[in-house]
Amino acid sequence: MEGQIVTKVVLLSCGSFNPITSMHLRMFELARDHLEDTGQYKVVKGIISPVGDGYKKKGLVEACHRLEMARLATENSDWITVDSWESLQPEWVETVKVIRHHYEELLEAEQNKDDVDTVKYTKKRRIEENYFEGSAHLKRRGSPQLMLLCGADVLQSFETPNLWKQDDITEIVGCYGLVCITRSGNDPYSFIHKSDTLWKYRKNIHVVHEWVTNEISATHVRRALRRGHSVRYLLPDAVVYYIHEHDLYSAESEQKNADVVLAPLQRYTGASSS
Ligand SMILES: Nc1ncnc2c1ncn2[C@@H]1O[C@H](COP(=O)(O)OP(=O)(O)OP(=O)(O)O)[C@@H](O)[C@H]1O
Ligand SMILES: NC(=O)c1ccc[n+]([C@@H]2O[C@H](COP(=O)(O)O)[C@@H](O)[C@H]2O)c1
Ligand SMILES: [Zn+2]
């Protein structure tokens with residue numbers, strides 16, 4: 001549409017990527033097409049942020065391997081990147097904090113571009129002064145928006161007791177925005193309808209309907225590998241080779257963290273082992 005303001009968007013996907021699959025990469029392509037088709041957005045970058053080992057999910061192999069596989073999977077993409085910040089943190093980091101971290105980096109990069117010849121304020125002050133309505137509402141004139149990209153199962157997990165803090169959900173959908181890819185077994189439209197918070201911020205939630213549904217999941221890939229079955233074409237060849245070279249997924253690796261409570265549940269309930 002003529003005269004319409006086009007907002008630049010960076011998509012951030014947080015997850016285990018244990019291992020990264022072709023569907024993880026498809027999510028970015030689907031989300032970019034969907035946002036750009038509206039005429040309101042230009043997607044300039046995608047970031048994959050593998051969760052740290054402190055997440056303690058069952059079967060989670062070391063972050064260094066998950067990072068390397070994500071790097072191999074994205075080496076042919078000119079816009080999807082991998083970021084190690086989250087995975088290098090000694091403890092599990094709430095997703096909202098990962099988003100804040102990347103948003104700050106984004107603003108700094110933008111301001112470094114703007115600021116070459118202007119009066120030097122401190123970095124922090126510059127960031128604060130450029131928000132439209134103060135730091136509670138993170139929108140700076142002309143700067144890119146950061147949106148969380150996830151599958152509908154993650155949206156559904158918002159209602160799992162003790163997994164997400166209500167304030168975090170409100171900040172994610174209220175201040176940043178969410179792009180959610182449909183996944184069989186989950187109905188994001190109904191979920192948004194039932195949640196007062198999600199309904200309130202429904203304009204910030206972009207549901208992308210994936211018509212070519214597929215059931216690719218990292219769980220399926222790990223299971224096939226344990227059984228000695230082929231996983232070729234479910235994930236990029238370079239990742240398949242890496243997995244075999246390092247003998248990553250076995251019955252033994254699937255038992256990692258088997259007796260440990262997932263970090264968010266531990267943090268919000270005080271439990272430490274099952
Ligand atoms: N087939 C899929 N359709 C839609 N979203 C997906 C699909 N596979 C993964 N995702 C999304 O990718 C992100 C990273 O997910 P994750 O690393 O847990 O992969 P996964 O395939 O779900 O793995 P696991 O089976 O171990 O849970 C999440 O937002 C998840 O919802
Ligand atoms: N409260 C939270 O911020 C919270 C809770 C559960 C999962 N998560 C994140 O969601 C992602 C989920 O990954 P999995 O689907 O692989 O478990 C991870 O990046 C994890 O850190 C965040
Ligand atoms: Zn998952």
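Above this note sits the structure.
All figures in this text were calculated on a predicted structure; none of them were measured in a lab. (Residues numbered from 1 in each chain as written. Chains lettered and ligands numbered in written order. Predicted model: local features only at pLDDT ≥ 70, side-chain atom pairs only at ≥ 80, totals over all residues. Heavy atoms only, no water.)

1. Examining the sheet that holds strand β1 (residues 7–15)
So, step 1. Across the sheet, six strands lie side by side as β3-β2-β1-β4-β5-β6; this open sheet has parallel pairing. This sheet does not close on itself; its edge strands, each paired only once, are β3 (80–82) and β6 (205–208). This sheet shows a mean twist of 25 degrees between the axes of neighbouring strands, independent of strand direction.
So, step 2. Sheet topology places strand β2 (residues 41–50) next to β3; three bridges connect them, and they run parallel. In the strand pairing of β3, I48 is matched with V82.
So, step 3. Sitting on the sheet, helix α1 (residues 22–37) touches β1, β2, β3, β4 (145–151), β5 (178–181) and β6, and the angle it makes with β2 is about 160 degrees. (Pairing = 2+ DSSP bridges. Helix = DSSP H or I, 4+ residues; strand = E, 2+ residues; numbered from the N terminus. Axes fitted to C-alpha atoms, helices over the stretch in contact; angles between N-to-C directions. Contact = heavy atoms within 4.5 Å.)

2. Looking at the pairing of β2
As a general feature of sheets, a regular strand has side chains that alternate between the two faces.
So, step 1. Burial of β2 is extensive: seven of the 10 residues sit out of reach of the surface.
So, step 2. Bridging between β1 and β2 involves nine bridges; their strand directions are parallel. Paired with V9 across the two strands is V43, which belongs to β2. (Buried < 20%, exposed > 50% of the residue type's maximum accessible area, 1.4 Å probe, protein only.)

3. Quick word on unusual backbone geometry
So, step 1. Omega for the bond connecting N18 with P19 falls within 30 degrees of zero, at 0 degrees, which places this linkage in the cis form.
So, step 2. Positionally, P19 belongs in the loop between β1 and α1.
So, step 3. At N162, a position not held by glycine, the phi torsion is positive, near 65 degrees.
So, step 4. Structurally, N162 is set in the loop between α5 (152–157) and α6 (166–176).
So, step 5. Unlike most non-glycine residues, N257 shows phi in positive territory, near 60 degrees.

4. Observations regarding helix α10 (residues 237–245)
Because each turn of an α-helix spans 3.6 residues, side chains separated by three or four positions end up pointing in the same direction.
So, step 1. Taken together, the buried positions of α10 are occupied by V239, V240, Y242 and I243. Buried residues of α10 fall within an arc of 160 degrees about the axis and therefore sit on the same side. The outward face of α10, more than 90 degrees from its buried face, is lined by the exposed residues Y241, H244 and E245.
So, step 2. Contact partners of the buried residues in α10: α2 (63–74) and α9 (218–226).
So, step 3. Within two residues after α10, D247 carries a phi angle of roughly 45 degrees, on the positive side. (Arc of directions from axis to C-beta.)

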